[in-house]
Amino acid sequence: MNYIKTLEDCAKIAQERQDQYGEATDSIKLACNILKTTFNIELTPKEFCYVLVALKLSREHNQKKDDNILDSINYLAISLNL
């Protein structure tokens, strides 16, 4: 799979997720608020995206799946908009 096809796949996944769950940045900001009020853990939305990338890469370490990399790319792209 060449990198342009990979980026197209990322865009397709991002659109599907947005259709299903709404705007990603809104969900991430809400998750940060939940962390703060529930566990007193304060992360910026950008930091939260980096945590999600770390989670996906830890999964990739244990089981190689394209999904792990595609989601990582999308979380990094989302972080650019926060």
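Owing to the predicted nature of the structure, the values given are computational and were not obtained by experimental measurement.

Scoring rules and cut-offs
Each chain carries its own residue numbering, running from 1 in the direction its sequence is written. Note on the predicted model: pLDDT of at least 70 is required for a residue's local features to be given, and 80 or more for side-chain atom pairs to be given and counted; whole-chain, interface and lining totals, by contrast, use all residues. Side-chain calculation: all heavy atoms of the structure are included, whereas hydrogens and water are not. The helix and strand labels rest on DSSP assignments: H or I over at least four residues marks a helix, E over at least two residues marks a strand, and numbering proceeds from the N terminus. Summary of the burial criterion: residues with accessible area below 20% of their type's maximum are buried, those above 50% are exposed, and those between are partly exposed, where the area comes from a 1.4 Å probe applied to protein chains only. Residues count as neighbours in contact if any of their non-hydrogen atoms are within 4.5 Å of one another. In this tally Asp and Glu are treated as negative and Lys and Arg as positive; neither His nor the chain ends contributes. Charge placement uses NZ in Lys and CZ in Arg. For Asp and Glu, CG and CD serve respectively. Any pair of N or O atoms that falls within 3.5 Å is considered a polar contact. Within protein, one atom must be able to donate a hydrogen and the other to accept it, and sequence-neighbouring residues count only if both atoms are side-chain atoms. Put simply, the grid is 1 Å and covers the protein atoms alone, a cavity is a trapped set of points that fit a 1.4 Å probe, a pocket is an open set with protein on both sides within 12 Å along at least five of seven lines, and lining residues have an atom within 4 Å of a point. Grid points are joined across faces, edges and corners, and a volume is the space filled by probe spheres set on the points. Charged residues are taken to be Asp, Glu, Lys and Arg, nonpolar residues to be Ala, Val, Leu, Ile, Met, Phe, Trp, Tyr, Cys and Pro, and polar residues to be all remaining types, Gly included. Axis lines are fitted through C-alpha atoms, for helices just across the contact stretch, and the angle between N-to-C directions can take any value from 0 to 180 degrees. Angles below 35 degrees are treated as roughly parallel, those above 145 as roughly antiparallel, those between 65 and 115 as roughly perpendicular, and all remaining angles as oblique. By definition, a salt bridge exists where a carboxyl oxygen of Asp or Glu is found within 4 Å of a side-chain nitrogen of Lys or Arg.

### Comments concerning the overall build of the chain
Item 1. Scanning the chain for helices and strands turns up four helices and zero strands.
Item 2. Its helices and strands in sequence order give the chain the pattern α-α-α-α, from N to C terminus.
Item 3. Principal-axis analysis of the C-alpha atoms gives the chain an extent of 40 × 30 × 20 Å.
Item 4. Put simply, the chain has 82 residues, and 26% of those count as buried.
Item 5. Pairs at least 24 apart in sequence give 50% of the contacts found in the chain among residues at least 6 apart.
Item 6. Distance between charge centroids for the chain: 4 Å, based on 10 positive and 12 negative side chains.

### A look at the environment of Gln15
Item 1. Within the secondary structure layout, Gln15 lies in helix H1 (residues 3-21).
Item 2. Taking the C-alpha atoms as reference points, Gln15 and Phe48, 33 residues apart in sequence, are found 20 Å from one another.

### A few points about the side chain of Asp9
Item 1. Inspection of the secondary structure assignment puts Asp9 in helix H1.
Item 2. Of the polar contacts made by the side chain of Asp9, one reaches the side chain of Lys5; its length is 2.7 Å.

### Quick word on the layout of surface pockets
Item 1. By volume, the largest pocket amounts to about 460 Å³.
Item 2. Arg17, Ala24, Ile28, Tyr75 and Ile78 are the residues nearest the centre of the largest pocket, which is lined by 20 residues in total.
Item 3. Counting residues per element, the ones that place at least two in the lining of the largest pocket are H1, helix H2 (24-39), helix H3 (45-62) and helix H4 (66-79).
Item 4. Counted by class, the lining of the largest pocket contains eleven nonpolar, six polar and three charged residues.

### Observations concerning the packing of H3 against H4
Item 1. Where H3 meets H4, the closest approach of the two axes is 9 Å, and the angle between their N-to-C directions is 170 degrees. The angle between H3 and H4 falls in the class roughly antiparallel. On H4, the residues touching Lys46, Cys49, Tyr50, Leu52, Val53, Lys56, Leu57, Arg59 and Glu60 of H3 are Asp67, Asn68, Ile69, Asp71, Ser72, Tyr75, Leu76, Ile78 and Ser79.
Item 2. In the contact of H3 with H4, the residues fall into nine nonpolar, three polar and six charged.

### Digging into the pattern of salt bridges
Item 1. Under the defined criterion, the tally for this structure stands at four salt bridges.
Item 2. Put simply, Lys36 and Glu42 hold a salt bridge, and the shortest N to O gap is 3.3 Å.
Item 3. Residue Lys56 is joined to Asp71 by a salt bridge in which the shortest nitrogen-to-oxygen separation is 2.8 Å. Of this pair, Lys56 sits in helix H3 while Asp71 sits in helix H4, and the two are 15 residues apart along the sequence.

Such coordinate-based values are descriptive only and should not be taken to indicate function.
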